[in-house]
Each structure stands twice: as structure tokens, then as C-alpha cells.
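One-letter residues, chain by chain:
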Amino acid sequence: MLDKTYHPEAVETRLYDAWERAGCFAPAAGNKRPYTIMMPPPNVTGSLHMGHALTFTLQDILIRFERMRGRDTLWQPGTDHAGIATEIVVANQLAAEGKTRGDLGRDKFIERVWSWKEESGGTITRQLRRLGASADWNRERFTMDAGLSAAVRRVFVTLYREGLIYRDKRLVNWDPVMHTVISDLEVDNRETRGSLWHIRYPVEGEPGRHIIVATTRPETMLGDTGVAVHPEDARYTDLVGRQVRLPLVGRLIPIVGDEYADPEMGSGAVKITPAHDFNDFEVGRRHNLEALNIFDRDAHLNETVPEKYRGLERFAARKQVLADLEAEGLIEKIDEHTLMVPHHDRSGEIIEPWLTDQWFCNAGELAKPAIAAVETGRTQFVPRQWENTFFEWMRNIQPWCISRQLWWGHQIPAWYGPDEHVFVAETEDDAARDAAAHYGRAVELRRDDDVLDTWFSSGLWPFSTLGWPEKTPELERYYPGDVLVTGFDIIFFWVARMMMQGLHFMGDVPFRTVYIHALVRDERGQKMSKSRGNIIDPLDLIDRFGCDALRFTLASLASPGRDIKLAESRVESSRNFATKLWNAARYTEMAGCALVPSFDPQDCRLPVNRWIAGAVQDCAAAVTQSLEAFRFDEAAHRLYHFLWGTYCDWYLEFTKPILQGQDAAARAETQATTAWALGQTLHMLHPVMPFITEEVWAQFSGGEAAGMLISAAWPDLPPELHDPAISAEMDWVVAAISAIRAIRTEVNVPAGARLALSVKDADATARQRLDRHAEHFQRLARVTDIDYAEAAPAGGIAAVVEGTTLIVRVGDVIDLGREKARLTKEIGRLDTELSKMGQKLANPAFLAKAKPEVIEEQREREADARRDRERLRAVYDSIAPG
């Protein structure tokens, strides 16, 4: 017998351990059709956050669903070495000991990182187990393990020999404290109040004439090598091709015509600093302007600037430059200005665009097959609109900087000879042989200090985890994968990389479908952040409400194209749903309902049992279709309404008299049907709510003999179970009783009061239904008598159900005059509220200033108020006179 109350804390760990011990997460092999999901490897430094909770819940739902459908499922788990993040963690540990990584040296520092990884690197995978993730942990991989490291070296060497990896001097995101390049994804653009300085640049050969340029970074003017104006800007037509003299420096720099300059912005002229601005870098390349690097790796000014500025830190240099410009009368004006300042999301340091020699990958060439694969449908995005984002990024892709100035990561397999000639090889021995052949003798080689961008190794994840470059059975069977589930923020950084690498080295796309889910925000639609103090910890929610409640909430909110507004109250509601399931199972047990192995729902003779059998079939078909279409929200909603509404609120109530009656055959059929319907519901709910369903199934099904629910077959029920006539009749009864209940609730009829029901405009079918189910109306709608009337009796409130008017005679128990007055007042209040909301939403000033989430919240409140008004008005209009 089930306990009175479900205690998830006592169940979840025990069941998860049982699943793992039984090997339930491992692929089934045999003749089953494979189904593969590659787990996006979380950072080894990470802890479970709400984004993880969403993406891994959705993946687990798919894996459990397809496992139950008989597929050979592989959910390949693993973690990413997270170069910068991990290096920071260990460096901070050393700092607490009064040491730096330099004190240890590279080899000792890497040993320290590996030690930390062994001690603390399993936190995230333990937390994923708490989420119920049924990945095959026996196959867990790490992006720095030996096999994946070999794959990384093979790819680098191959691409280098194909001319797709090369050294170049280009602009990069530079952290002047950590002394490394970072990716765009690691750049946190923070809104900052600053200034916009308008500076006069004297036109050479025209004393007294200036071009005014505006800048938020006056210190970079020391590296200006041009001024750009729009070629069609009439104000400057005569100046294109001429020169200005750079203030404080005295260098002559050209005026160029380029469409990058916006005539509507400021003066229409912009300073061009190719070595310290990404847009300027491209302008400089178009016009062959010199890229003059004025910073060293610490963001201090170097020897290329006038002597008085050399060695100054960049912000100290700004103050000095501004003071000198002011002294020379070259500042036209200063405006307050809000700008986005790039920071490194890990170190917090302001990023410097810096011109430096790095390793690059020709992403433009690798992108072409990936673009074609999406264009031809070999890989499809869900929702489809994300394909446009993919195309936009891929068709404008820039060379990919793949080198990082770190110690933790895949060290670049490149060695330099005495004359700096580079030898790229998979091993040092191979490089030594190549060098000996090149120089005609053995020489000492120096290995490149840099490591590869983390995205380089994670881009190989779909095939390196399966044993590539070896031709393994796993690679043959599980590549390409079926679906990738991920957030939109890494479409370019990770999805695109995997597409490019998979097509290049495997000759096929790494996955057939890319499902893009939205962001999880707080209940007001704001992004979660430490600064806002609105971060919701998924582990805290699991502790308080149970894992199933969190999973069901996330699934039910996962609507395509819409960010998730997560309120704690929604998780609490899902906990109540789990309680409803538990209580339903307890009721069936106490009512003597048990699974009958030989039971066939098609043999049922009672209409109510045939109705619920058809409803189960309808629900199973709808949930299957929704999960196949990645409509997790629709699947969750259908399951919720079936269990809470159809099964608990209606079927269990309809059948109570049968279970308590004297007809033994009817009772036995109903007990078997009740148990069967609950069992099928447990199967359908399992992918979303695995723990409570497994626990109920274990006790309800008779234990080990029935097997674990995780390994059970998904409901595949014949359409013939759905009887249209019976379904129509019972659905009508449900709608009619619901309408009567709604009237009672709306006008505050006392719960114990029994009321007469008059029926108007009833055809023969409606009369037969009322006669057959009179007992249901008397018991569930608290109706005393049912009579048929030609006209609506006085003192009644009417509702129409499929053409039949049901008049609840409430006049004997409530004051209808007072009730009409209350409704009139409430409708008036809503009219006033709707008028104010409408004015606000029609106000251009409000729409221009308010945040999108605030506007959306206002529109949702307006829609709720409008629905409330319509409902109250309908009740008011349905009150019969008298």
C-alpha cells in the first residue's frame, strides 16, 4: 500500500541508484533502431543552474520517450575542460595560498588542475543525476581525456595541411589581466554611463578648417590612421582623398569615403583606429590603412605613441590625452553618453580589441557545406526561424581565432625551429622528424605555448566521443545523432562548429534536428543575474518540491519561441499535480483496483469504461505527436488535463457508485479499467516525471515481476478504443455539469444547497443523455429535480451546452437582485481598469520607454481582465427576469 504522503527526498536517490545499477541507461543494441543525443558538455567547473535544468530535462524527456518506444538510445554524457573558467578557479586557489601559476610553472600548474578536476570536477554530473538525467554514465567523456585529445591533434594537423589553419595578425578580444584572447561568447557587454568627446582634427592645407570626430575612447586617437566620411555626404565631398593632421601626434592621415560612416550620426565623420576597433579594422583593410598597435599586452601605451604617453595605463592615458586636447583647444564639446562596454565575463576586466599574431581557422570555407546542409534540409532547426539566425551568422562568418594564451587546455601541436620555421605534427617525435628532414640535421624545437579555444575541441564532440579517429562500432552506429537540444546563444559558437567539423571529417551532419529552446527568466520576464538578486537555484526547488515538480514545470513552460517566466508558484502547482497522481493511485488501491494481465479495454461493456479507454487512447496519441514535434508544453498540458480532469475529477467520480454497488461484474470491469487507465497514465507521464511514476508503478504493478517503468513499452493503443458516440455523450455530460457548477460558483450558491434544474430546447439526444445520467447530475451538480420547460422560469440562471439551455433555479437560495448589483459593480470596475490599460498600451511614450517584459506583462493583465469581464457579463445576461 502506498504511504499517505509522497516524500520525494526518500524516493529519488534510491530509484536513481536502482536504475543505474540495473544498467537502464545503457544502449540496448540488438536490432533496435538507434537514437542518439549528444549531451552538451557542461563546464567541469560548473554547478547546476536553471538553464542546465531546462536543457537537460528536455533531453531526458526525449531519451526516456524513445527508450520506451523501443529505440536503441544513447545519451552521450561528458564535461568540458572549460579552459579559462578552470584556470581561474585553480589560480584563485593558489592566490589564497599566496602563490601564482608562475610560481609553479606550466607543468606543475597543469598537475594542480588535474588534481582539482579529480577532487571537485564531478559536482555537475552528480547534480545532473539529481535532475534524473538518464545518460549512459559508463561512457562519460572529458574533452581533455586521451582519446579526445588525440582527435583534437588529428583535426588540427589535418586542417593545417589543408591550408585551413594558419597564423595571422588580426584584431581579437584581449583580456589585459589574464593575457589571453577570449571568444565573443565570453564578452559581457555592460551598459555604462560615459562621455562622448567631439574632437577637432585640423584639415591639412586649410588653416582654420577642421573635421569634428566623436569618440568614447579618446586615448585610442593616438593610433588613428584615417578619418572616414560617407562617400555621398555633400559636406565632405571635397575632402575625400585629402588629409588631416592627427592632434597631439602630428601624423598626417587620409580622409577616406566609406559607407561605414553614417551621415546622420554626429558630424558624419568617424576616426579610424584599425588596431583597436573591429569595425575600424575592416574599414582599414578596405582602404589599406596602417594598423598601428598602441597597446602592449597589459593595455599600457607602447613605443609607437609620443614619448610622454609611453607606459601609461590606458585610462591614465585617457586623462592625459583629454587634458592635452583641452589645452590645445581641440575639444569641440562633451556629451553624456550611454554605451556598452565589453567585459570579460570571467575576470570582469574591460576587454581591449588588440592586434596580435594568433592561430586562425578558415571558418568561411568550412561554413559552406554547413550552410548547404541546412538549406537542403539535412539538418533542420526547430523552431524553423532559427535557421535565419544560423544563415545570418554563417554567411558573414569571420576567421576563427582558435589560440588562447592559457596553460590549461589542448596545447597547440606546433613546434618552432631555430629560425622560427613552424612544424605542425600530432606528436613531438613527428615534428622532430619533419624538422630533421627540413634542416638536414636534428635541431632543438620549441613548442607553441598557446592552447586551443575550448570550442575547437567541443566542436568535435559528436564524433570524438564515439572513438574517432578510430573506426569504432559506436561511431558506425550512433553517428550522426538524431537531435541536438541547446539554447540559441550558442548556435554560432557550438552548433556551427559541430556542423563544420562533422561535415568535414565525417562527411555527414552531426545531427538531423537542432531543437532550440528559450531562456529561463524570472517570473517578471527579467534575465536572472547575481546583480538583480533574482537567481533561482534548481537544486533548492528540487529540495523543496521534488525533482518531478521542477521537470514538469519546465516542460509545461517550454513553448517554442517564448522565454520561460519561472515563478516558484508554478513549481508548487506542479508539486500539487504530483500529489494528485499519488492520491489517485492510493484511491485506486483502496477501491480494490489492480492490474489484470488479461485485461483488454476493447472488451469493456459499460459506457463510462469505454469512454475512459478512448480518452486514454486519445491522450496517448496526442502526447506522442507532441513529443515527436518537440512540443513539450503541449504534452505536459495534455497529461495534466487528462489526469487531473478527465481521470480524477470525472472518471473516478462517475465510477464511485459502481465500485460501491452490488453488481459484481460491473464492479470487476470498472476496477480493472481504473487500474489499466492509471497504469497507462503512469507510462505516459514517466518521461516527464520519472521518479513518482516509477515509485507508484513499483507498488501498483506488483513489484519486480512487472519490470521497471523506465524500461516498459510506450502506450501504443488501437484507434478503435475511441468510440465517437460514447465520447460525445460523456463529454456532453461533463460540459453540462461543469456549466452548472460554474453558475453555482459565480453567484456564490452555498456548497450544500441543492437546486432544481430546468431544461429548455433539448432535443431527443439531450433528453436521453439527461435521463441516462440523472444520477451524475444529482450527485456531482447537486441538482434535485430535472424538468423540461418551454420558457425560462423566473429566478434562474442559464447556460447553453450544444444548443440545450440549462437553467439553474438559484432564486430560492440567493438574492438575485443583490447578485445582479454585485455583477454590475464588478463589470464596471473591470471596464475602468480596461480603459486605463488600453490608454497605457496606446501611449507611444510608455511603449518607447518600458522594457519588453513590462509591456508583455501589461498586455497579459489586460487579456486576463477582458476574459473576466466577458465571463461576468455572460452570467449577468443569463439571469432570467423575475
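Peer 1: What's the story with the overall build of the chain in this structure? I'm lost.
Peer 2: Across its full length, the chain carries 29 helices and 29 strands. Along the three orthogonal principal directions, the C-alpha set of the chain runs to about 105 × 65 × 55 Å. The long-range share in the chain, meaning contacts at least 24 apart out of those at least 6 apart in sequence, stands at 78%. Surface accessibility of the chain: about 38500 Å² in total, with carbon and sulfur atoms responsible for 48%.

Peer 1: Please clarify how the sheet that holds strand E10 (residues 243-245) should be interpreted in this entry.
Peer 2: Strands pair in a sheet through their backbones, by hydrogen bonds, and they do so in one of two ways: parallel or antiparallel. Spatial strand order, E10-E11-E9-E12: four strands in an open sheet with mixed pairing. Taken across any chain shown, the strands that pair with only one partner, and hence form the sheet edges, are E10 and strand E12 (269-272). Within the sheet, the average angular offset between the axes of one strand and its neighbour, ignoring direction, is 30°. Of the strand pairs in this sheet, strand E9 (residues 226-229) and strand E11 (residues 252-257) are connected by three bridges, and their pairing is parallel. Bridging across to E11, alanine 228 finds its partner in valine 256. Its contacts with the sheet place helix H8 (residues 278-287) against E11 and E12, and it is angled at close to 85° to E12.

Peer 1: Would you explain the pattern of salt bridges in this entry?
Peer 2: Close approach of charged atoms allows side chains of opposite charge to pair. Taken as a whole, this structure holds 73 salt bridges when the rule is applied. Linking lysine 760 and aspartate 761 is a salt bridge whose minimum nitrogen-to-oxygen distance equals 3.0 Å. Assessed through its relative accessible area of 47%, aspartate 761 is described here as partly exposed. Each member of the salt-bridge network shares a partner with another, and the members are Arg217, Glu219, Arg314, Arg318, Glu349 and Glu352.

Peer 1: Even after reading the chapter, I still don't get helix H18 (residues 547-557), so can you show me in this structure?
Peer 2: Because an α-helix packs 3.6 residues into every turn, residues spaced three or four apart end up facing the same way. Among the 11 residues in H18, 11 count as buried, and that is most of the element. Buried within H18 are the following residues: Cys547, Asp548, Ala549, Leu550, Arg551, Phe552, Thr553, Leu554, Ala555, Ser556 and Leu557.

Peer 1: Can you help me understand the side chain of threonine 79 in this one?
Peer 2: Here threonine 79 lies in strand E3 (residues 78-79). Among all residues touching threonine 79, those that are not within four sequence positions of it are Pro41, Pro42, Val44, Ile124, Thr125, Arg141, Phe142, Thr143 and Trp461.

Definitions and limits used
Residues numbered from 1 in each chain as written. Predicted model: local features only at pLDDT ≥ 70, side-chain atom pairs only at ≥ 80, totals over all residues. Heavy atoms only, no water. Helix = DSSP H or I, 4+ residues; strand = E, 2+ residues; numbered from the N terminus. Contact = heavy atoms within 4.5 Å. Areas by Shrake-Rupley, 256 points an atom, 1.4 Å probe, with all protein chains shown as cover. Pairing = 2+ DSSP bridges. Axes fitted to C-alpha atoms, helices over the stretch in contact; angles between N-to-C directions. Salt bridge = Lys/Arg side-chain N within 4 Å of Asp/Glu carboxyl O. Buried < 20%, exposed > 50% of the residue type's maximum accessible area, 1.4 Å probe, protein only.

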